[in-house]
Amino acid sequence: MYRMWIAVLGLLMTSLLSFPASASCLNFGGQNERLANFCLLESIKGKLVDERIALIVTQRLKQEGYFGGLSSPRSDTAVYPTMFYSNNINGGNPDKNLVIGELEFEGDPTLVATEGMILGATASASFRDTFSEGRYFDASLSVALNWSPKHGDSYTTGSIAGCFKNKVKKAGYADFCFESSEQKKDISSDRSKSIAFNFGQLGFANDFGFTDTSVGFKRNFHSGYQEDQVSFQLQTIHPKNVFSSVRVRMGERVENQMTLKYGLDVRLSATLAGRPVTLALGHERNDGGKLLGVDRTDTVNRISASMPLNNRLSVSAGYQETQSSFQFFCRKEPSLSL
């Protein structure tokens, strides 16, 4: 599995970095707005620009508090349909017996997970207000209702997130962020909260690109316990119209709780045939959990790709494999969403 991922990543990097497209800071504003604006400013420094470019730069920087910032808080709303495949619609258990040593437990058939296509509707809202140069507050809210035509089951998801963005000196920053999400299904529900502090520095390296190097400290709040994580991330806009992100995460061990031990996330984006395409790879290891006194360890590998089909429709497909010390929790999960 690891050799295959390395080969795929190597082939993709070779093809993307050789793709005959001019560098564009604005293509990756959705990946990292702060880095895209830094890239744009550094690219035009000392050059004559026309009125159109000057207007674009001014409008983008006002969103971050420059040139007087926003004249009033900005808010946007959207409602859109979704369609995707789910391997666990009702929040149930795997359809197999649990084996621990010489003991074998048969599950309740009424609590087995159901799977199939999901039709959904999502309502989202965003909010931004600026305070001074490089200082602003960004927030988002999302609520979704999902329904299975095959099983007649439905479930809801909701999330709220926000960040206080703060510029420190010329190219440094210190951000405070919070997030809360909840998912309610027929058999089980999941709720999580977190707060995070992120410190970073923007820069430029010849023949490499514009970079955002950061370290983050995050505390996750779960029912009955809390967990701390630290992360290191390097995001880059490369000269060949390619965006890359590499993040390493390490978590605190919590006795008798299944928590993150370490994780690696890699994301590559490029404009191919006029459309932005993103490939994401992930690998993580979780441990610390126990089941009837026996230690449990899970290793998760995932890969996904996404792209817009037009200006209103996007598609993503992926695959995730979980290897667990308990066969009961081992699974292979394809994903598809529209």
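Residues numbered from 1 in each chain as written. Predicted model: local features only at pLDDT ≥ 70, side-chain atom pairs only at ≥ 80, totals over all residues. Heavy atoms only, no water.

S.K.: Mind showing me how you'd approach the pairing of strand β6 (residues 154–168) here?
M.R.: Pairing geometry for strand β5 (residues 135–147) and β6, over 13 bridges, is antiparallel. Bridge pairing links Trp 147 to Ser 154 in β6. Across 11 bridges, β6 lies against strand β7 (residues 172–184) in antiparallel orientation. Bridge pairing in β7 places Thr 156 opposite Lys 184. Here β6 folds back onto β7, and the loop between the two strands holds 3 residues, one of which, Lys 169, carries a positive phi near 60°. (Pairing = 2+ DSSP bridges. Helix = DSSP H or I, 4+ residues; strand = E, 2+ residues; numbered from the N terminus.)

S.K.: Any chance you could explain the layout of surface pockets here in plain terms?
M.R.: Any space left empty among the atoms is revealed by the rolling of a water-sized probe across them. In this structure, the second largest pocket spans a volume of roughly 330 Å³. Phe 38, Leu 41, Tyr 66, Lys 167 and Lys 170 are the residues nearest the centre of the second largest pocket, which is lined by 18 residues in total. Here the lining of the second largest pocket is built from residues that sort into 8 nonpolar, 4 polar and 6 charged. (1 Å grid on protein atoms, 1.4 Å probe; cavity = no way out; pocket = protein on both sides within 12 Å on 5 of 7 lines; lining within 4 Å. Points joined across faces, edges and corners; volume = space filled by probe spheres on them. Nonpolar A, V, L, I, M, F, W, Y, C, P; charged D, E, K, R; others polar.)

S.K.: Please clarify how the pattern of salt bridges should be interpreted in this entry.
M.R.: Between side chains of opposite charge, a pair can form when the charged atoms approach closely. The final tally for this structure, using the stated rule, is 17 salt bridges. A salt bridge links Asp 228 to Arg 219, with the nearest nitrogen and oxygen atoms 2.7 Å apart. Residue classification places Asp 228 among the partly exposed residues on the basis of a relative accessible area of 27%. Notably, a salt bridge pairs Arg 302 with Glu 284, separated by 3.8 Å at the nearest N-O pair. In this pair, Arg 302 is assigned in strand β14 (residues 294–308) and Glu 284 in strand β13 (residues 275–291), connecting sequence segments 18 residues apart. A residue is classified by how much of its surface remains accessible, and Arg 302, at 26% relative accessible area, is partly exposed. According to the relative accessible area criterion, Glu 284 is buried, its value standing at 13%. Each of Arg 247, Arg 249, Asp 265, Glu 284 and Arg 302 takes part in a single network of salt bridges with overlapping partners. (Salt bridge = Lys/Arg side-chain N within 4 Å of Asp/Glu carboxyl O. Buried < 20%, exposed > 50% of the residue type's maximum accessible area, 1.4 Å probe, protein only.)

S.K.: Sorry if this is basic, but what is going on with the state of the cysteines here?
M.R.: Cysteine pairs can be linked by a disulfide, which is a covalent bond between their two sulfur atoms. Applying the stated criterion across every chain yields a total of 2 disulfides. Disulfide pairing is shown between Cys 25 and Cys 39; the S-S distance is 2.0 Å. Residues Cys 25 and Cys 39 are joined by a disulfide whose S-S torsion is about -60°; by sign, that bridge is left-handed. Residue Cys 25 is located in the loop between α1 (2–17) and α2 (33–44), and its partner Cys 39 is located in helix α2; the two are separated by 14 residues in the primary sequence. (Disulfide = S-S within 2.5 Å.)

S.K.: Is there a simple way to explain the nonpolar core in this structure?
M.R.: As a rule of thumb, nonpolar side chains are buried together in soluble globular proteins. Formed by 16 residues in total, the largest nonpolar core has its most connected members in Leu 35, Phe 38, Cys 39, Leu 202, Phe 210, Ile 237 and Phe 243. Those elements that place two or more of their residues in this core are α2 and α3 (51–62). The element that contributes the greatest number of residues to this core is α2, accounting for 5 residues. In this view, Phe 243 contacts Phe 28, Gln 31, Asn 32, Leu 35, Gln 235, Thr 236, Ile 237, His 238, Arg 267, Leu 268 and Ser 269; residues no more than four positions away in its chain are not counted. Core analysis: the next-biggest nonpolar cluster, separate from the first, contains 5 residues, Ile 100, Phe 326, Phe 328 and Phe 329 among them. (Core = buried A, V, L, I, M, F, W, Y, C linked by side-chain atoms within 4.5 Å. Contact = heavy atoms within 4.5 Å.)

S.K.: It is not clear to me how the packing of aromatic side chains should be interpreted in this structure. Could you clarify?
M.R.: Aromatic ring pairs are reported here in terms of the distance separating the ring centres and the angle at which the planes meet. According to the stated counting rule, one finds 9 aromatic pairs in the structure shown. Consider the rings of Phe 127 and Phe 137, whose centres lie 6.3 Å apart with planes at 55°: the pair is tilted. Here Phe 127 is found in strand β4 (residues 116–132), whereas its partner Phe 137 is found in strand β5, with 10 residues between them in sequence. Of the residues examined, Phe 127 reaches a relative accessible area of 33% and is grouped as partly exposed. Judged by centre distance (6.3 Å) and plane angle (85°), the ring pair of Phe 326 and Phe 329 falls under edge-to-face. (Phe/Tyr/Trp six-rings, centres within 6.5 Å; stacked < 30°, edge-to-face > 60°.)

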